[in-house]
Amino acid sequence: MKQVYPTFIVNTNDGSGHPFLVCVPDLDIFTEGETFADAIEMARDAIGLTGISMEDHQETLPAPSDQNHAIALVKKDTELVDFSEGILTYVDVDFAEYRRKTDTKTVRRNVALPSWLNYEAEHAGINVSRVLQEALINVLGVHRHV
C-alpha cells in the first residue's frame, strides 16, 4: 500500500549539525536531517518504520490528513518548535516496498520433499532453499532486493 503523508520541515540553522527538524503529524513522528533532502529521506524512513510496525501489530494506519487538518495538528503543540511555520511538503511511502527493502531476516520453514527428489538435489549440489526462494519470487511476481 502506498500513502502520501503531509510533512513539515523547519530549518533551524542553530549549528547543531541537524538544522532541519521534521514532523509528520498524522503518525506523531519527529525526526531531523542535515540537509533538506536528508530531512525528506529521514521522514520517509520514519514513516516506513512506523507503518510496518503498525501493520505487524495489526493496527490500522491513519489516513493522511488534508492540508488544513495537518496544519491544525501541528499547531496543537508549538511549545518547542512551531512546525506550522515550516515548509509543508508531502512524503510518499510504499509500505510493501519498504518492507521488502528493510526486512531481510530469514525465516526457517519446514518443507516436505519426496526422498528421491531430495537425494537428486543433494547430489546435483542444488541449494533447495535458493530454488524455493526463486520460485516464490517468480510465482508472486515480486522483485528481490539486495
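The rules we used
- Residues numbered from 1 in each chain as written.
- Predicted model: local features only at pLDDT ≥ 70, side-chain atom pairs only at ≥ 80, totals over all residues.
- Heavy atoms only, no water.
- Helix = DSSP H or I, 4+ residues; strand = E, 2+ residues; numbered from the N terminus.
- Rg over C-alpha atoms; globule rule 2.2 N^0.38 Å.
- Buried < 20%, exposed > 50% of the residue type's maximum accessible area, 1.4 Å probe, protein only.
- Contact = heavy atoms within 4.5 Å.
- Areas by Shrake-Rupley, 256 points an atom, 1.4 Å probe, with all protein chains shown as cover.
- Lys, Arg positive; Asp, Glu negative; His and termini not counted.
- Charge placed at Lys NZ, Arg CZ, Asp CG, Glu CD.
- 1 Å grid on protein atoms, 1.4 Å probe; cavity = no way out; pocket = protein on both sides within 12 Å on 5 of 7 lines; lining within 4 Å.
- Points joined across faces, edges and corners; volume = space filled by probe spheres on them.
- Phe/Tyr/Trp six-rings, centres within 6.5 Å; stacked < 30°, edge-to-face > 60°.
- Polar contact = N/O pair within 3.5 Å; in protein donor to acceptor, adjacent residues only side chain to side chain.

*Asks:* Help me understand the overall build of the protein in this model?
*Replies:* Within the protein, the secondary structure is distributed over five helices and four strands. In sequence order, the protein lays out its α and β elements as β-β-β-α-α-β-α-α-α. Here the C-alpha atoms of the protein give a radius of gyration of 22 Å, more than 25% beyond the 15 Å that 2.2 N^0.38 yields for 146 residues. If one aligns the C-alpha atoms of the protein with their principal axes, the spans along those axes are about 70 × 35 × 20 Å. Here the protein, with 146 residues, has 27% of them falling under the buried criterion. Restricting to contacts in the protein with at least 6 residues of sequence separation, those with at least 24 account for 56%. Split by element, the accessible area of the protein, about 10100 Å² in all, is 52% carbon and sulfur. The protein carries 12 positive and 23 negative side-chain charges, and their two centres are separated by 9 Å.

*Asks:* How should I be thinking about the layout of surface pockets in this particular structure?
*Replies:* Gaps left between atoms show up when a probe the size of a water molecule is rolled over them. Taken as a whole, the largest pocket encloses approximately 1100 Å³ of empty space. For the largest pocket, the lining is made up of 21 residues, of which Lys105, Thr106, Val107, Gln133 and Leu136 are closest to its centre. If one sorts the elements of the lining of the largest pocket by residue count, helix H5 (residues 128-140) sits on top with seven residues.

*Asks:* Explain the packing of aromatic side chains here, please?
*Replies:* Two numbers describe a pair of aromatic rings. These are the distance of the centres and the angle of the planes. Under the defined criterion, the tally for this structure stands at two aromatic pairs. Seen from their ring centres, Phe20 and Phe36 are 6.1 Å apart, and the 80° between their planes marks the pair as edge-to-face. In this pair, Phe20 sits in strand E2 (residues 20-24) while Phe36 sits in helix H1 (residues 36-56), placing the two residues 16 residues apart along the sequence. With relative accessibility at 13%, the residue Phe20 sits in the buried group. Relative to Phe83, the ring of Phe30 has its centre 5.8 Å away and its plane inclined at 50°; by these criteria the two rings are tilted. Placement of the pair is Phe30 in strand E3 (residues 29-33) and Phe83 in the loop between helix H2 (67-75) and strand E4 (87-94), with a sequence separation of 53 residues.

*Asks:* Sorry, what's going on with unusual backbone geometry here?
*Replies:* Peptide bonds are mostly trans, and most non-glycine residues show a negative phi. One non-glycine residue, Asp28, lies in positive phi territory at about 55°. Secondary-structure assignment places Asp28 in the loop between E2 and E3. In this structure Asp28 comes out as exposed when scored by relative accessible area, which is 60%. With phi around 55°, Gln58 is a residue other than glycine that occupies positive phi space. The topology assignment puts Gln58 in the loop between H1 and H2.

*Asks:* Got a minute to help me understand the side chain of Ser65 in this structure?
*Replies:* Along the chain, Ser65 falls in the loop between H1 and H2. Residue class for Ser65 comes out buried when judged on its relative accessible area of 12%. A distance of 2.9 Å separates polar atoms of two side chains, one belonging to Ser65 and the other to His69. The residues contacting Ser65, other than those within four sequence positions of it, are Pro6, Asp26, Ala70 and Leu73.

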